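# Examination of the molecular architecture
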Amino acid sequence: MSAIPLVPGGHIHEWHLPSRGRVGMYCLIIGESAIFTIFVVAYVFYIGKSLYGPTPQQVLDVPIFNTICLLSSSVTIWLAERAIERNSIRTFGIWWAATIALGLVFLTGTAIEWYKLIYRDGLTISTNLFGTTFYSLVGLHGTHVVVGLSMLLLVLIFTLTGHVRQEHSERIQVLALYWHFVDAVWVIVFTVVYIIGK
Amino acid sequence: MADRTLPIDGSLDLTPPREREGLLETLHSWVITVDHKKLGIMYMTLAIFFLLVAGAEVICIRIQLAWPNNHFLSPQVFNRFFTMHGTTMVFLVGIPLVFGFANYIVPLQIGARDMAFPRLNAFSFWMTAFGALLLYFSFIGGAGLYGMGNAPDVTWWAYAPLTARAFSPGNATDYWALALIVTGFGTLGGAVNVIATVISMRCKGMTLMRMPLFAWLMLVDSGLLLVTITPLTAAQIMLVIDRYLGGRFFDTQAGGSAMLWFHFFWIFGHPEVYVLVFPAFAIASEVIPVFSRKAIFGYPAMVAASVGIGFVSLGVWAHHMFTVGMTSAGNAFFVLSTMLVGIPTGIKIFNWLATMWGGKIRFRTPMLFCTAFLFQFLAAGLTGIMLAVAPWNWQLHNSYFVIAHFHYILVGAIVFNTFAGIYYWLPKATGRMMSEKLGKWHFWLFLIGFHITFDTMHFVGFEGMPRWIYTYPADRGWNHLNLVISIGGIIQAVAVLIFAYNLISSLFRGEIAGNDPWDAWTLEWSASSPPPDYNFATDPVVHSRRPLWDLKHPEDPDWKYE
């Protein structure tokens, strides 16, 4: 069977389609946003509806330092993205490691906050509606931070063993998209939990 | 026509001859596969298998309801069966059908060699299959602390607070929630994959406005799934937190709200109906033009209507909750938004009719199913508009009228067009035609059975028979109608068995199909049947919406008019 060329109906000069990695990650982000929306709606709906304490006003401290750390990790990962595009792998590694460090500081901060809430204030997930919605919303975000950090750590290991090169910048940027998303969600969680809900 | 070979770029078969594999090797090759065609077939097999299982469950339900004071099933088993029937049909039949069709056909139609993420594709399928296993394992493993054979019995929407530990002890409800979380991840992966495939894998010249409507509808469908299956997952996580960690989300005694679950569930649940019906639209949009021998009427309007339905369907969920009690402003909003869906849907029906109008219609089996679909979908839409009127809804909600309405969509539209799609594309997947004679038997029996069952059901609903009742006293005037409904159900079951026989026997004895048995126009018909692993040896290039028409009619190609 031989191939007969078609008569072209107008020339097709260039054929560029969006990268599938980016499209896939954007789709995942849309889906994840819907999950967070449901948890945020539940949190907002139940503000002030707990029948007994402790209430957010009594026990919550605004985690400003934590927030600054997490949000600045978006800047450091962006610097890392720029570095790998320019093929300076060393700079990339430094900024990437800084991102991970900032993420770890955030997680540690959350751990300290939860320790205080559980052991000093006696607030657990089953205490009241505030406990249920607080731990599930902040915990859902924390889970995303943990997943993100594990992937970032994987890339760091590959960088240290010399497997990351400039041609991987596309993939690195797709992963960074996820991290930016995790940071952006924190802005909403922070606003809802520590500003509106308090 | 059947042996026509199409000399399109990329249709060459370069597969080296292979030796016959043993059974174990064949099985192994299916388990480890990341090929979109094999995964598509696996999704379809899963869906058809569970269609038979859930069908058997509902036949038991119908025998139980056939006459008053019957004791064919115990009340407990009755509750489990209608819960499992609904859950299975939606999550293990409807959604796998979406991905079965999308997986097999979309890459072939857009001239791609595989999906965007083949391994994610395999992962998604196995998550769905694992979820199915979890759900059905509950029959033997869900006993928990009391009793044997304890499948979930909380209905497929599982209203709070029935699902609380206090009211649903044992593990059956946990299996239900976990199964939906697990299949939900599979669905999310599948949706991401279809979108990335359609956006990023189209062959040269396949612009979005040249893409077959099937691919368009699957794109919109997957977009809808992204934002509907995830709220369900979120709600199920909350339910598991409530059940396992003592959370208070739906605990009314701690100030929690059962209404919140209603909203969360139907934010998923109503768009889900559109998710399930989109493949039916997609199949109609391919089958009707081909068998009417005309290009689809109003292609841009069809695309716009599909996207429109997708958006509007996200804002109608609370029409499932008129009887729960909302503010009158809430009622008015959801009445109007629900009626709004009628507009793009109407556009679609008119365009399909206009495609048939003046065409040289060939009533082969796929076309028969699609024609019946048009009428039944219209009728279902009209009862839908009736139910969208809040006062009417207060009267008829939770009666058999509602069951008749949504089964008119689920069976009359979705199952009918699923059959159409299988008759239409199975020759591509297996290389053999299904029997036309058995196909006609299947169609007519199924059509007659369908109308006997579901037309009658509207009237039982008018007479006030509520849903979910296990049995009824003899003096309510429902006796004969219920018997008629059950007989119709059995006729449908016979038709489905004919279909199953037809499908299996066609694998061995079917007429050889050739590349293009229906003289169709989209790219999948240029590949051999079954297509080689790589689909197209060289990347195809297209210049119009009907690349194979251009090829068959070089003197009058489509691209001159588009």
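Conventions and cut-offs
- Residues numbered from 1 in each chain as written.
- Chains lettered and ligands numbered in written order.
- Predicted model: local features only at pLDDT ≥ 70, side-chain atom pairs only at ≥ 80, totals over all residues.
- Helix = DSSP H or I, 4+ residues; strand = E, 2+ residues; numbered from the N terminus.
- Rg over C-alpha atoms; globule rule 2.2 N^0.38 Å.
- Buried ≥ 20, exposed ≤ 12 C-beta atoms within 10 Å, placed from the backbone.
- Contact = placed C-beta atoms within 7 Å.
- Core = buried A, V, L, I, M, F, W, Y, C linked by C-beta atoms within 7 Å.
- pLDDT = per-residue confidence, 0-100.
- Axes fitted to C-alpha atoms, helices over the stretch in contact; angles between N-to-C directions.
- Parallel < 35°, antiparallel > 145°, perpendicular 65-115°, else oblique.
- Left-handed = near helix turned anticlockwise from the far one by under 90°.
- Nonpolar A, V, L, I, M, F, W, Y, C, P; charged D, E, K, R; others polar.

Once that is clear, we can look at the overall build of chain A. Looking only at helices and strands, one finds 6 helices and 0 strands in chain A. Starting at the N terminus, the α and β elements of chain A follow one another as α-α-α-α-α-α. Expected size for 198 residues packed as a compact globule is a radius of gyration near 16 Å; at 22 Å, chain A overshoots this value by more than 25%. Within the span of chain A, comprising 198 residues, buried residues form 36% of the whole.

Note that the residue after Gly53 of chain A, namely Pro54 of chain A, is joined by a cis bond; omega there is 0°. For Pro54 of chain A, the location among the structural elements is in the loop between α1 (20–45) and α2 (56–59). The phi dihedral of Thr155 of chain B is positive, around 65°, even though this residue is not glycine. Look at Asp519 of chain B: it is not a glycine, yet its phi comes out positive at around 55°. Mapped onto the fold, Asp519 of chain B is located in the loop between α14 (479–509) and α15 (547–552). Asp519 of chain B sits in the partly exposed class, given 16 other C-beta atoms within 10 Å.

Another aspect to go through is the interface of chain A and chain B. Between chain A and chain B, the residue contacts involve 35 residues of the former and 45 residues of the latter. For the side of chain A that touches chain B, the secondary-structure elements that each account for two or more residues are α1 and α5 (129–160) of chain A.

Here the focus is the nonpolar core. In this structure, Ile195, Met218, Val277 and Val287 of chain B are the most contacted members of the largest nonpolar core, which totals 226 residues. Those residues in contact with Ile195 of chain B that lie beyond four places of it in its chain are Val23 and Cys27 of chain A together with Leu219, Ser222 and Gly223 of chain B.

Looking now at the confidence of the model for chain B. Residues and elements named next belong to chain B. Averaged over every residue, the pLDDT of chain B is 91; residues scoring 70 or more account for 95%. Across residues 1–5 the pLDDT falls below 50, and counting only partners more than four positions away or on other chains, this stretch makes 10 contacts in the model. The ipTM, which scores confidence in the relative placement of chains, is 0.92 for this predicted complex, and the corresponding pTM is 0.93.

Residue and element names in this part refer to chain B. The N-to-C vectors of helix α3 (residues 75–109) and helix α7 (residues 258–292) enclose an angle of 45°; their axes lie 9 Å apart at closest approach. Put simply, α3 runs oblique to α7. Considering the relative orientation of α3 and α7, their crossing is left-handed. For the pair α3 and α7, contact is made by Val90, Gly94, Leu97, Val98 and Phe101 and by Glu272, Val275, Leu276 and Pro279, respectively. Of the residues that constitute the contact of α3 with α7, the class distribution is 7 nonpolar, 1 polar and 1 charged.

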